[in-house]
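Each chain, written out:
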Amino acid sequence: IALSSSISQSNQFCDAEAGAGAPSSKLLIKGGTVVNAHHQQVADVYIEDGIIVAIKPTITVGDEVTVIDATGKFVMPGGIDPHTHLEFEFMDTVTVDDFFSGQAAALAGGTTMHIDFVIPHKGSLTAGFEAYEMKAKKSCMDYGFHMAVTKWDETVSREMEIMVKEKGINSFKFFMAYKGALMINDELLLEGFKKCKSLGALAMVHAENGDAVDEGQKKMIELGITGPEGHALSRPAVLEAEATARAIRLADFVNTPLYVVHVMSIDAMEEIARARKSGQRVIGEPVASGLVLDESWLWHPDFETAAKYVMSPPIRKRGHDKALQAALSTGILQLVGTDHCAFNSTQKALGIDDFRKIPNGVNGIEERMHVVWDTMVESGQISVKDYVRLTSTECARIFNIYPRKGAILPGSDADIIILNPNSSFEITAKSHHSRLDTNVYEGRRGKGKIEVTIAGGRVVWENNELKVAPGTGRYIKMSPFSYLFDGIEKRDDFYLKSLQAPVKRAKSSS
Ligand code: URP
Ligand code: ZN
Ligand code: ZN
Ligand code: ZN
């Protein structure tokens, strides 16, 4: 039963029989180029009950097996988006895409798993987790959770432990911006980093100096700059660089790995490059918008057009995009997210008289895979194997779900896309599957089209048609101590041994 794009836009769910009536649990993908992060070959892929069973040059099967011809196409692990906000209550409103519509959009764009940010409820991690469990009941694809930490006390510290040991969360995000809302101070950051380290959980930061942003915003309003351009002017790249550097140094002090979300500027990227060069374990995540858009949109005379580009940290001047692409291609940055956080034009209009009230966030969950292919692979900046690594495998490794996810290997989940490099895509709000009435990539065309998406062994996107049903997505628990923690204790020991023995001083006699 197909859920056409027009139906999904009017918020109607596919009827439940779609799940039950799933045609065949046996699938054969024939003749494609199967690509993993470190190897590619022309081969057939055989799938049974949602799991990849075999990858071989030629596989013969019986009539009961559904066969998909992938000759001349790339067969790759489905995308994993490490950074999304579905049904997110933020800035006095809530994002339009929930765990069904956002995931349906993702599947239409070749993403088969995402990791969303649980926001604590009144500071309680447990209450926040329970609320997100409810929101995610309508899921139609696999998902995991990160957890934000917005205050500090003994209860929060204990809850972090419960999240890691019982709830399948292995990463915590600290907001260094959004003063008066989600922002935390350095003391909390340090406590949080220490706790993360002890649990083997990855510390993540939204890196902007929130106090300085607040100052910058007041200055803009005093100058009479109230439009969307005030957003960019009030929080320049130097504030992103400062917070990135601070978080990096505090993580170094604690000796725990760090993940910097939405790296938007050359300035922040260079802080990450410096830290990595010195041997520190820092992961940098650029997002699709930062890789291909520029801030000039914020000066657009039409408010609705300008406001849709408001996100934090801001989309920067032309030049930052190209530098972030280069950093991604050379390994300074490791994976691509979206920060999909969809607010429609009515919601964006909350800030018509004051840019500080424009809900922050842009779309991307449906567009990321196409945009990255076109920008990075078609331009020759990265190989197809690199593409798999940056959009899927590295995310799976960092969040410790590899090789169940992020690979086409026997035993891996059958989350697979088929991309036709000779076809093309076009992005418009009219044809996309998100509930958003706008799109920051409106009118963008490019080479490479994801023609088939298979999630958990089921064909969910084919012939430009979605076949999805709420309740079919699974929560993927993620265990602590990913590869980023390998050898961390040895580094601690090394540090302790390198400390000098305490200086013995004779008591003063006089
Ligand atoms: O503008 C943004 N990025 N909105 C989502 C919240 C966040 O900071 O990630
Ligand atoms: Zn249906
Ligand atoms: Zn953020
Ligand atoms: Zn975000």
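The rules behind these values
- Residues numbered from 1 in each chain as written.
- Chains lettered and ligands numbered in written order.
- Predicted model: local features only at pLDDT ≥ 70, side-chain atom pairs only at ≥ 80, totals over all residues.
- Near = placed C-beta within 6 Å.
- Nonpolar A, V, L, I, M, F, W, Y, C, P; charged D, E, K, R; others polar.
- Axes fitted to C-alpha atoms, helices over the stretch in contact; angles between N-to-C directions.
- Helix = DSSP H or I, 4+ residues; strand = E, 2+ residues; numbered from the N terminus.
- Parallel < 35°, antiparallel > 145°, perpendicular 65-115°, else oblique.
- Left-handed = near helix turned anticlockwise from the far one by under 90°.
- Contact = placed C-beta atoms within 7 Å.
- Expected span 1.5 Å × (residues − 1).
- Buried ≥ 20, exposed ≤ 12 C-beta atoms within 10 Å, placed from the backbone.

1. Some remarks on the site of ligand 1
Phase 1 of the analysis: The local shell around ligand 1 consists of H85, H206, M311, S312, D339, C341, N360 and G361.
Phase 2 of the analysis: Counted by class, the shell around ligand 1 contains 2 nonpolar, 5 polar and 1 charged residues.

2. Re the packing of helix α9 (residues 237-254) against helix α10 (residues 266-277)
Phase 1 of the analysis: Running from amino to carboxyl end, α9 crosses α10 at an angle of 25°, the nearest separation of the two axes being 7 Å. Judged on the interaxial angle alone, α10 and α9 are roughly parallel. Where α9 crosses over α10, the two elements pack in a sense that is right-handed. Counted together, A237, V238, E240, A241, T244, A245 and I248 of α9 and D267, A268, E271, I272 and A275 of α10 form the full contact between these two elements.

3. What to know about the packing of helix α4 (residues 125-135) against helix α5 (residues 154-166)
Phase 1 of the analysis: Contact geometry for α4 and α5: axes closest at 9 Å, N-to-C directions at 40°. Viewed along their axes, α4 and α5 adopt a mutual orientation that is oblique. Touching L125, T126 and F129 of α4 are V156, E159, M160 and M163, all from α5.
Phase 2 of the analysis: Residues of the contact of α4 with α5, tallied by class, amount to 5 nonpolar, 1 polar and 1 charged.

4. A word on helix α6 (residues 186-199)
Phase 1 of the analysis: If you check α6, its first and last C-alpha atoms are 20 Å apart, about what 14 residues at 1.5 Å a residue would give, namely 20 Å.
Phase 2 of the analysis: When we look at burial in α6, the residues that qualify are L189, G192, F193, K195, C196, K197 and L199.
Phase 3 of the analysis: Packed against the buried residues of α6 are α5, β11 (171-175), β12 (202-206) and α9.
Phase 4 of the analysis: Just past α6, the residue G200 takes up positive phi, approximately 75°.

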